[in-house]
Amino acid sequence: MWRQIYRCWVVFAHNWTIASIPILMWLADVACSVMIILITATLRTDALISQQKLLKPFLYSFFSITIALNLITTGL
């Protein structure tokens, strides 16, 4: 992912204001990943992970931010 952000920065003439949006999105993606790991590491039930109400918002956020970040940085 860092390569795509770096390419965005290079293409837009080393403009940090343009590159800051993908960087912030990547940091949000990392935060969602950390929360997903923490929640799954502390599960104490035998229920399926997909049925956990606390986990779903972070999973949806993670995947939607990842898709949006890929679309923004690759220029589609």
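Each remark here, short or long, concerns the structure printed above.
Residues numbered from 1 in each chain as written. Predicted model: local features only at pLDDT ≥ 70, side-chain atom pairs only at ≥ 80, totals over all residues. Heavy atoms only, no water.

Undergrad: Can you explain the overall build of the protein? Please cite residues and give values.
TA: Looking only at helices and strands, the protein features three helices and zero strands. Expressed as a percentage of contacts within the protein between residues at least 6 apart in sequence, the contacts between residues at least 24 apart total 52%. Split by element, the accessible area of the protein, about 5,600 Å² in all, is 71% carbon and sulfur. (Helix = DSSP H or I, 4+ residues; strand = E, 2+ residues; numbered from the N terminus. Contact = heavy atoms within 4.5 Å. Areas by Shrake-Rupley, 256 points an atom, 1.4 Å probe, with all protein chains shown as cover.)

Undergrad: Quick one: what's the story with the environment of Thr66, residue by residue and with numbers?
TA: Mapped onto the secondary structure, Thr66 falls in helix α3 (residues 56-74). Remark: the alpha-carbon pair of Thr66 and Ala28, spanning 38 residues in sequence, is separated by 9.6 Å. Within polar-contact distance, the side chain of Thr66 engages the side chain of Asp29 at 2.8 Å. (Polar contact = N/O pair within 3.5 Å; in protein donor to acceptor, adjacent residues only side chain to side chain.)

Undergrad: Please give an account of the environment of Asn70 that cites residues and values.
TA: Assignment of secondary structure puts Asn70 in helix α3. For Asn70, a relative accessible area of 27% gives the class partly exposed. Separated by 66 residues in sequence, Asn70 and Gln4 place their C-alpha atoms 8.1 Å apart. (Buried < 20%, exposed > 50% of the residue type's maximum accessible area, 1.4 Å probe, protein only.)

Undergrad: Which residues make up unusual backbone geometry, and what are the values?
TA: Even without glycine at this site, His14 takes up a positive phi of about 55°. With respect to the helices, strands and loops of the structure, His14 is situated in the loop between α1 (2-11) and α2 (16-41).

What is shown is where atoms sit, not what they do.
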